[in-house]
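For reference, the chains in residue letters:
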Amino acid sequence: QKRENLTLASRPSLSATMIERFLDCPFIFCAEKLFRLNEFPDIDLDIDHLSKGRLIHKIFEVLLEDPIQYSYGDQELLDIIEGCRQAEKIVLVDKDLWRNEQQRYLKLAKLFLKFEQEWRLQFPETVTKGREVSIKAEWSLEKGDFVKSGDYTFSGKIDRVDVGREGEAVILDYKSGASSSLPNWKSWLGKHKLQLAIYSYLLEQGFADIEVKEVVAACYYSVKDFNRFKGFMKEESQELYELPKRSGAKATQLEIEGLLDEVKGELKLAIEEIEKGALSPSPSDKRTCSN
């Protein structure tokens, strides 16, 4: 039921993911964020999908510790993988099956290190400055923008930030799916994929725990086919990457500025609706309901 407005104490903290959920359907946001309903994974001998994602993120975070080592032996990598599993508190149903699963993560870790080494040979200015970079800001209802002190707390974590010698930054978001399924920036608003745009803006505006000069690219990093060319990549700055021919990620500075303005406008409308308590089921695509 609609309310006049939310009180300060009852206002939920927000994130890019939660805004995307709201745009998909306000009731998804309501169920997950306000009612705190969770769909727990089915009991299985295998690690559930969310836990796999957490584990991969943690393994990559550890492997990118400075200075990066590319010559780990298999047993050293297996020890790292096990340490990451324990750090993420992932419970095992069957330890014998886990030994088989470890080999899959071992293969992934080796491919990851090989890809990273080759990337840095091609783009030697690349330095990974941030891993799991914390973002924290507040949203002002009056200004319709992010501020230091406002009405809604907004937080999140950027999987990774690479920088060049002049402080230009590339935001990377690890994804388990193939790169062919990931959208470029021109489709973000239509598909309600605002996370990379929001993170780009907040990082440039100083709302992260690291400082950069400018975000020149924000891309998904597919760990299935090791492709990091989906998202946006400014054509004016190519020290940290080389744009593929006919790349849908190519964008000008003006195009990205326009995108960020549109994303902030979408955010403003969504948060105003949340403030009103307009949280009834209203899916943007009714196929969402089957899931």
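Just so it is clear, the model here is predicted, and its values are computed rather than measured.

A short note on the overall build of the protein
Reasoning step 1: A tally of regular secondary structure across the protein gives eight helices and seven strands.
Reasoning step 2: Its C-alpha radius of gyration of 20 Å places the protein within 12% of the 19 Å reference for a compact globule of 291 residues.
Reasoning step 3: By sequence separation, contacts in the protein at least 24 residues apart represent 69% of the contacts at least 6 residues apart.
Reasoning step 4: Of the roughly 16,000 Å² that the protein leaves accessible, carbon and sulfur atoms contribute 48%.
Reasoning step 5: Of the charged side chains in the protein, 43 are positive and 51 negative, and the gap between their average positions amounts to 2 Å.

Description of the pattern of salt bridges
Reasoning step 1: By the definition in use, this model includes 22 salt bridges.
Reasoning step 2: One salt bridge in this structure joins arginine 165 and glutamate 125, with 3.8 Å as the shortest N-O distance. Residue arginine 165 is located in the loop between β3 (152-163) and β4 (168-175), and its partner glutamate 125 is located in the loop between α5 (95-122) and β1 (127-140); the two are separated by 40 residues in the primary sequence.
Reasoning step 3: The exposure class assigned to arginine 165 is exposed, which follows from its relative accessible area of 58%.
Reasoning step 4: Its salt-bridge partner being aspartate 285, residue arginine 287 comes within 2.7 Å of it at the nearest N-O pair.
Reasoning step 5: The partly exposed category is assigned to aspartate 285, whose relative accessible area is 28%.
Reasoning step 6: Connected through shared salt-bridge partners, Glu116, Arg120, Arg160, Asp162 and Arg228 make up one network.

Concerning the sheet that holds β3
Reasoning step 1: Judged by pairing direction, the sheet is mixed, and its seven strands sit side by side in the order β2-β1-β3-β4-β5-β6-β7 without closing on themselves. Looking along the sheet, the strands with just one partner apiece sit at the ends: β2 (145-147) and β7 (250-251).
Reasoning step 2: In terms of strand pairing, β3 meets β4 through four bridges, oriented antiparallel. Residue pairing in the sheet places valine 161 in a bridge with isoleucine 171 of β4.
Reasoning step 3: Its contacts with the sheet place helix α7 (residues 195-204) against β1, β2, β3, β4, β5 (214-222) and β6 (227-234), and it is angled at close to 145° to β5.

Quick look at helix α8 (residues 253-276)
Reasoning step 1: Between its first and last C-alpha atoms α8 spans 35 Å; for 24 residues at 1.5 Å apiece the expected length is 34 Å, and the two agree.
Reasoning step 2: All of the buried residues in α8 are Ile256, Leu259, Leu260, Val263, Lys264, Leu267, Ala270, Ile271, Ile274 and Glu275.
Reasoning step 3: Of the residues flanking the end of α8, it is glycine 277, one or two places downstream, whose phi is positive at about 85°.

A closer look at unusual backbone geometry
Reasoning step 1: Cis geometry is found at the peptide bond from aspartate 66 to proline 67, where omega equals -5°.
Reasoning step 2: Even without glycine at this site, phenylalanine 226 takes up a positive phi of about 50°.

A few points about the packing of aromatic side chains
Reasoning step 1: Applying the stated criterion to the full structure yields 19 aromatic pairs.
Reasoning step 2: For the ring pair tryptophan 98 and tyrosine 105, a centre distance of 6.0 Å and an interplane angle of 45° mean the geometry is tilted.
Reasoning step 3: Relative accessible area serves as the criterion here: at 6%, tyrosine 105 is assigned to the buried category.
Reasoning step 4: Through pairs of rings, three or more aromatic residues link up here, namely Phe60, Phe112, Phe115, Trp119, Phe123, Tyr174, Tyr221, Phe226 and Phe229.
Reasoning step 5: Directly above the aromatic system of tryptophan 119 lies the positively charged group of arginine 228, at a separation of 3.9 Å from the ring centroid.

Rules and cut-offs
- Residues numbered from 1 in each chain as written.
- Predicted model: local features only at pLDDT ≥ 70, side-chain atom pairs only at ≥ 80, totals over all residues.
- Heavy atoms only, no water.
- Helix = DSSP H or I, 4+ residues; strand = E, 2+ residues; numbered from the N terminus.
- Rg over C-alpha atoms; globule rule 2.2 N^0.38 Å.
- Contact = heavy atoms within 4.5 Å.
- Areas by Shrake-Rupley, 256 points an atom, 1.4 Å probe, with all protein chains shown as cover.
- Lys, Arg positive; Asp, Glu negative; His and termini not counted.
- Charge placed at Lys NZ, Arg CZ, Asp CG, Glu CD.
- Salt bridge = Lys/Arg side-chain N within 4 Å of Asp/Glu carboxyl O.
- Buried < 20%, exposed > 50% of the residue type's maximum accessible area, 1.4 Å probe, protein only.
- Pairing = 2+ DSSP bridges.
- Axes fitted to C-alpha atoms, helices over the stretch in contact; angles between N-to-C directions.
- Expected span 1.5 Å × (residues − 1).
- Phe/Tyr/Trp six-rings, centres within 6.5 Å; stacked < 30°, edge-to-face > 60°.
- Lys NZ or Arg CZ within 6 Å of the ring centre and 35° of its normal.

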